[in-house]
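Okay, here's what each chain looks like letter by letter:
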Amino acid sequence: MENSNINSFFNIDKPLLEKDALILEKCRKRFSEIDDITEYCQLKVLSAFIKNGVSEAAMAGSTGYGYDDRGREILERVMAQAMGAEDALMRHNFVSGTHTLTVALFGILRPGDKILSLTGRPYDTIIGVFGIDGKSDGSLADFGVEYRQAELLPDGTPDIARIKEMLKADKYKMAYIQRSRGYSTRPSLTVDDIEKLCRAVREVSPDSIIMVDNCYGEFTEKKEPCEVGADIVAGSLIKNPGGGIAPTGGYIAGRHDLVEKCAARLTCPGVGREVGATLGHSRELYMGLFAAPHVVGEAMKTAVYAAALFENLGFEVSPKSDEKRGDIIQCVTLGTKEGLVAFCQGMQSGAPVDSFVVPEPWDMPGYDDPVIMAAGAFTLGASIELSADGPLREPFAAWMQGGLNFHSARAGVLLAAQKMLEKGEILL
Ligand SMILES: *Cc1c(COP(=O)(O)O)cnc(C)c1O
């Protein structure tokens, strides 16, 4: 039963290797379901490349203002099709996911508008964009856009009755949905869940623009939010849709009129999408998008494997190994500070880059507790590459995600478990 491939290169204790073999067997069915999604999304992306006539010439970059950059225009049409949307922006000029979401929000909303979050408190970095804590300069609140949220139900799912009530009581320009759990303990939304939310919004407030923070969700299912009623989505290229190849960037996809508004905010009103030199980045963005469905599949397998392994080792995991997934994030509750530190250190030791670095907890700005991170990635901060982090507080949970290929990512997960075994945090 022992896996001799792993053993040829890494020292994993025998009882753990036996579990590994057992777990691989157990994951087989889920893996074949993931393969089916990967194949579907891969063919969807391939057909978008073909339909839009991607050529070698499209990869050549522009300089200066970037007028008439055909490659940039074609890439954006390919992305629109991949996201099941009318139109898209996809550029290296977006500096992060948060920046991309910010451009979309400021592009679409106007002073006096109200926005309702349907999924409770949003991802940490978006708090300042809305101006929820009242602290950040230049937030939407500063510009007279009012933010409200519908709290999630105790089980972490959207409260559709409450959402409808709020939408009936007031006029909201935008309904905002976060697909991924981010670093919270609520479940991520499936595309079916998003469809239900879109229907609920349309029923009581047909004119509200439905925006989805699509980070971490792209290509984890056959459909994307715009195919089930969302008007606009946005995400980061150092997560799923960059395929581990895009070195930076983001995308916005959705209704043509809304994408145009976003373009006016990305560059300037009256100029919009017509400018933006691609320099040498088009090729990487094309290659990344083409690789993305496959890489997301590998990351999903890694998450399922880690869930199954740590479940078997007696830890609380979320989602469970056999649960339906709406993103690539896996939460593993390790129970002790030492366990969390060992997990991250073990995972780091299996990274292709910076494997020799030993991560230690540090006081990250903006966080109340020290945070530990394992990230040995080709692209700084890329979370489509195998990575894990967690705050040093109860219940000492690690949020892990990514994995460019399952073979290496599985080794990373096994090394995390091995380190815990060595520190006496796992007993076998
Ligand atoms: C990552 C993420 C963001 C922000 O992206 P950054 O690239 O970190 O700025 C926003 N929302 C969600 C749900 C995310 O996962």
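Residues numbered from 1 in each chain as written. Predicted model: local features only at pLDDT ≥ 70, side-chain atom pairs only at ≥ 80, totals over all residues. Heavy atoms only, no water.

So, on to the overall build of the protein chain. Counting secondary structure elements, the protein chain contains 11 helices and 12 strands. Against the globule reference of 22 Å for 428 residues, the protein chain gives a C-alpha radius of gyration of 22 Å, in line with a compact fold. Its C-alpha atoms put the protein chain at 65 × 50 × 40 Å along the principal axes. Taking all 428 residues of the protein chain together, 57% fall into the buried category. When contacts within the protein chain are restricted to residue pairs at least 6 apart in sequence, long-range pairs at least 24 apart make up 70% of them. (Helix = DSSP H or I, 4+ residues; strand = E, 2+ residues; numbered from the N terminus. Rg over C-alpha atoms; globule rule 2.2 N^0.38 Å. Buried < 20%, exposed > 50% of the residue type's maximum accessible area, 1.4 Å probe, protein only. Contact = heavy atoms within 4.5 Å.)

Here the focus is the sheet that holds strand β7 (residues 250-254). Sheet architecture is open: 7 strands sit in the order β1-β7-β6-β5-β4-β2-β3, paired in mixed fashion. Single-partner strands in this sheet number two, and they are β1 (87-91) and β3 (146-149). The mean angle between the axes of side-by-side strands here comes to 20°, regardless of whether they run parallel or antiparallel. In the sheet, β1 pairs with β7 via 5 bridges, with the strands oriented antiparallel. Each bridged residue has a counterpart across the sheet, and for methionine 90 the counterpart in β7 is tyrosine 251. Here helix α3 (residues 70-82) sits on the sheet and contacts β1 and β7; the angle it forms with β1, its principal contact strand, is near 125°. (Pairing = 2+ DSSP bridges. Axes fitted to C-alpha atoms, helices over the stretch in contact; angles between N-to-C directions.)

As a volume, the second largest pocket reaches approximately 200 Å³. Together, 17 residues line the second largest pocket, and Ala351, Pro352, Gly376, Leu386 and Ser408 are the ones closest to its centre. When its residues are assigned to classes, the lining of the second largest pocket shows 10 nonpolar, 6 polar and 1 charged. (1 Å grid on protein atoms, 1.4 Å probe; cavity = no way out; pocket = protein on both sides within 12 Å on 5 of 7 lines; lining within 4 Å. Points joined across faces, edges and corners; volume = space filled by probe spheres on them. Nonpolar A, V, L, I, M, F, W, Y, C, P; charged D, E, K, R; others polar.)

By convention, interface size is frequently given as the accessible area that disappears when the constituent parts associate. What the domain assignment reports for the protein chain is domain 1 (4-41 + 292-422) and domain 2 (58-289). Computed over C-alpha atoms, the centres of domain 1 and domain 2 are 27 Å apart. The interface of domain 1 with domain 2 comprises 29 residues on the first partner and 29 residues on the second. Carbon and sulfur atoms make up 58% of the area that domain 1 and domain 2 hide from each other, which totals about 2,400 Å². On the domain 1 side of the contact with domain 2, Ala292, Gly326 and Trp399 bury the most area, a combined 21% of that side's loss. The tally of links from domain 1 across to domain 2 stands at 2 salt bridges. Note that glutamate 221 is salt-bridged to lysine 324, the shortest N-O span being 3.3 Å. Taken together, the elements giving at least two residues each to the side of domain 1 that touches domain 2 come down to α2 (14-51), α9 (282-312) and β12 (397-401). No other element matches the 5 residues that α9 contributes to the side of domain 1 that touches domain 2. (Domains from an automatic or database assignment. Buried area = accessible area lost by both parts, 1.4 Å probe. Salt bridge = Lys/Arg side-chain N within 4 Å of Asp/Glu carboxyl O.)

This brings us to the environment of leucine 421. Mapped onto the elements, leucine 421 comes out in helix α11 (residues 406-422). Owing to a relative accessible area of 15%, leucine 421 belongs among the buried residues under this scheme. Along the backbone, leucine 421 and leucine 16 are 405 residues apart, and their C-alpha atoms lie at a distance of 8.7 Å. What leucine 421 contacts, discounting residues up to four positions off in sequence, is Asp13, Leu16, Ile426 and Leu428.

Around the ligand, the structure places Ser96, Gly97, Thr98, Leu101, Tyr123, Thr125, Gln178, Asp213, Cys215, Tyr216 and Lys239. A distance of 3.5 Å separates an oxygen atom of the ligand from a polar side-chain atom of serine 96. Contact between the ligand and lysine 239: an oxygen atom at 2.9 Å from a side-chain N or O atom of the residue. When residues in the shell around the ligand are grouped by element, the largest group, 3 residues, is from helix α4 (residues 97-108). Of the residues contributing to the shell around the ligand, the split by class is 4 nonpolar, 5 polar and 2 charged. (Near = heavy atom within 4 Å. Polar contact = N/O pair within 3.5 Å; in protein donor to acceptor, adjacent residues only side chain to side chain.)

Turning our attention to the pattern of salt bridges. Tallied over the entire structure, the rule returns 27 salt bridges. Of the charged contacts, one joins arginine 70 and glutamate 73 as a salt bridge, the two residues approaching to 3.8 Å between their closest N and O atoms. A residue pair is termed a helical-turn pair when its members lie 3 or 4 positions apart in one helix, as arginine 70 and glutamate 73 do in helix α3 at 3 residues. With a relative accessible area of 25%, glutamate 73 lands in the partly exposed category. For arginine 393, the salt bridge is made with aspartate 369, and the minimal N-O distance between the two is 2.8 Å. Of this pair, arginine 393 sits in the loop between β11 (387-391) and β12 while aspartate 369 sits in the loop between α10 (337-348) and β10 (371-375), and the two are 24 residues apart along the sequence. Residue class for arginine 393 comes out partly exposed when judged on its relative accessible area of 42%. Residues joined by salt bridges that share partners form a network here, namely Glu76, Asp87, Arg91, Glu260 and Arg273.

Moving on to empty space enclosed by the protein. Scanning the entire structure with this criterion turns up 1 cavity of 30 Å³ or more. Counted as a void, the largest cavity has a volume near 60 Å³. Surrounding the largest cavity, Arg72, Leu75, Met90, Arg91, His92, Asn93, Thr278, His281, Ser282 and Leu285 form its lining. Taken together, the elements giving at least two residues each to the lining of the largest cavity come down to α3, β1 and α9. Of the residues contributing to the lining of the largest cavity, the split by class is 3 nonpolar, 5 polar and 2 charged.

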